[in-house]
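The lines below spell out each chain.
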Amino acid sequence: MKRNILLNPGPATTTETVKLAQVVPDICPREAEFGALMEFVSEGLTSFVANPKDYTSVLFGGSGTAGVEAVLSSVIGEDEGVLIVNNGAYGARMCQICDAYGIHYVEFKSSKIEPINLEELEACIKEHQGFIQYLAVIHNETTTGLLNDLDPLAELTRKYGLTFIVDAMSSYAAIPIHMAKQNISYLVASSNKNIQGMAGVVFAICNKQKLQELKDKKKRNFYLDLYAQYEYFQKTKQLRFTPPVQTLYALKQAIIELQEETVEGRYERYTDNWETLLEGITRLGLTYLVAKEHHSHIITTILEPDCEGYSFDGMHDYLYARGYTIYPGKIGENNTFRIANIGALDRNDIKEFLECLEKYLIGIKFIK
Ligand SMILES: *Cc1c(COP(=O)(O)O)cnc(C)c1O
């Protein structure tokens, strides 16, 4: 099979074994055999970040946003509120979801490239005490590659008795997370980023005790009802509605491959890719937006070459024709593009990409 190198922030490049795991005999997902697969997947996903005795993964067919929407719309009661840290497009998306459902929220706006100012955040929590019961944050802001450090935020949730919701879509399975230690009650991720599976499944890893408290809450959703799906799965080992069957076979294989590599091992490999990338672009005269010490090591926002012959589309098409998919920037005030170094890639793939990028930059006379 042709191997494409995806340098977009998910769906990520997958192994041949994950791709081929989708080719299985047809099966009805209501059969016990599929239930066993679902149980393996649910417990496997939980185990990377928490003890399955106290936490569980609730799955839905859908993209990552569906999972964030499921948590916000199922968890936050009518007389409750959430403080949302917004330092990029995905924090903004949480606000949009709350707007759509009429969920009470307070938006804490923060720099897209500098770490969260914790004193200001604490002052904001204090100001809205009594009105907010939840803190919601993006772990790795995929917009820029800025990593929001969860430890000090966890401390604030403990100090003010807040329930902690984390969108870990682009950090789960790459950056080590410990839900109990970091006081996280709900963590959302999907099948197609660092877990290196296929797109189509999203999961919320939930504290079981917290889930139980949702039982009698007034419903605002139907398909995305977190408690209903949790309860149904416990009884049946099934999703309430048709799951993406083949994506789940691929996800099982992806879990096995991560169990072999370990999250720590994957983080090391990604970091190696990332360092290779930064060294390379610096050598080519390009600069990046987020300082190294605040960076997730997963996706890098790079300033576009200031050069007459340059256009993003021109660069994209040149690289795409050679097997590399790059991604446009998502931050208005700077002209940027993005390179993710996740998926089944190693430093040699990044080096070969850099050679290709160098040829393009010579071609447009940005460098000699
Ligand atoms: C990718 C991503 C999402 C979800 O995007 P979908 O297109 O719905 O899969 C949500 N949050 C973050 C931080 C992401 O990186």
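Scroll up a little and you will see the structure.
None of these values were measured; they are calculated from a predicted model.

What counts, and where the lines are drawn
Residues numbered from 1 in each chain as written. Predicted model: local features only at pLDDT ≥ 70, side-chain atom pairs only at ≥ 80, totals over all residues. Heavy atoms only, no water. Pairing = 2+ DSSP bridges. Helix = DSSP H or I, 4+ residues; strand = E, 2+ residues; numbered from the N terminus. Axes fitted to C-alpha atoms, helices over the stretch in contact; angles between N-to-C directions. Contact = heavy atoms within 4.5 Å. Buried < 20%, exposed > 50% of the residue type's maximum accessible area, 1.4 Å probe, protein only. Polar contact = N/O pair within 3.5 Å; in protein donor to acceptor, adjacent residues only side chain to side chain. Near = heavy atom within 4 Å. Nonpolar A, V, L, I, M, F, W, Y, C, P; charged D, E, K, R; others polar.

Side note on the sheet that holds strand β14 (residues 336-340)
Next up, step 1: Judged by pairing direction, the sheet is antiparallel, and its three strands sit side by side in the order β11-β14-β13 without closing on themselves. With partners counted over all chains shown, the strands left at the sheet margins are β11 (299-303) and β13 (327-328), one partner each.
Next up, step 2: Taken together, the five bridges between β11 and β14 define a ladder with antiparallel strand orientation. Bridging from a neighbouring strand, Ile 299 pairs with Ala 340 of β14.

Here we look at the sheet that holds strand β10 (residues 201-207)
Next up, step 1: Within the open sheet, the seven strands sit side by side as β2-β10-β9-β8-β5-β3-β4. Their pairing is mixed. Taken across any chain shown, the strands that pair with only one partner, and hence form the sheet edges, are β2 (55-61) and β4 (104-109). This sheet shows a mean twist of 20° between the axes of neighbouring strands, independent of strand direction.
Next up, step 2: Set on the sheet, helix α2 (residues 32-47) makes contact with β2 and β10; between it and β2 the angle comes to about 120°.
Next up, step 3: Strands in contact with helix α6 (residues 150-159) are β5 (134-138), β8 (163-167) and β9 (184-190); relative to β8, the strand with the most contacts, it is inclined by about 155°.

Some details on the environment of Glu 107
Next up, step 1: Considering the arrangement of structural elements, one finds Glu 107 in strand β4.
Next up, step 2: Since its relative accessible area comes to 34%, Glu 107 is described here as partly exposed.
Next up, step 3: For the pair Glu 107 and Glu 358, spaced 251 residues apart in the sequence, the C-alpha separation amounts to 42 Å.
Next up, step 4: In this structure Glu 107 touches Ile 84, Asn 86 and Cys 95, once residues within four positions along its chain are discounted.
Next up, step 5: A distance of 2.7 Å separates a polar atom in the side chain of Glu 107 from a polar atom in the side chain of Asn 86.

A short note on the site of the ligand
Next up, step 1: Taken together, Ser 63, Gly 64, Thr 65, Tyr 90, Arg 93, Ile 138, Asn 140, Thr 142, Asp 167, Met 169, Ser 170 and Lys 193 make up the full set of residues adjacent to the ligand.
Next up, step 2: Thr 65 is positioned with one of its side-chain polar atoms (N or O) 2.6 Å from an oxygen atom of the ligand.
Next up, step 3: When contributions to the shell around the ligand are tallied by element, the ones reaching two or more residues are α3 (64-75) and α4 (89-101).
Next up, step 4: For the shell around the ligand, a count of residues per class yields three nonpolar, six polar and three charged.

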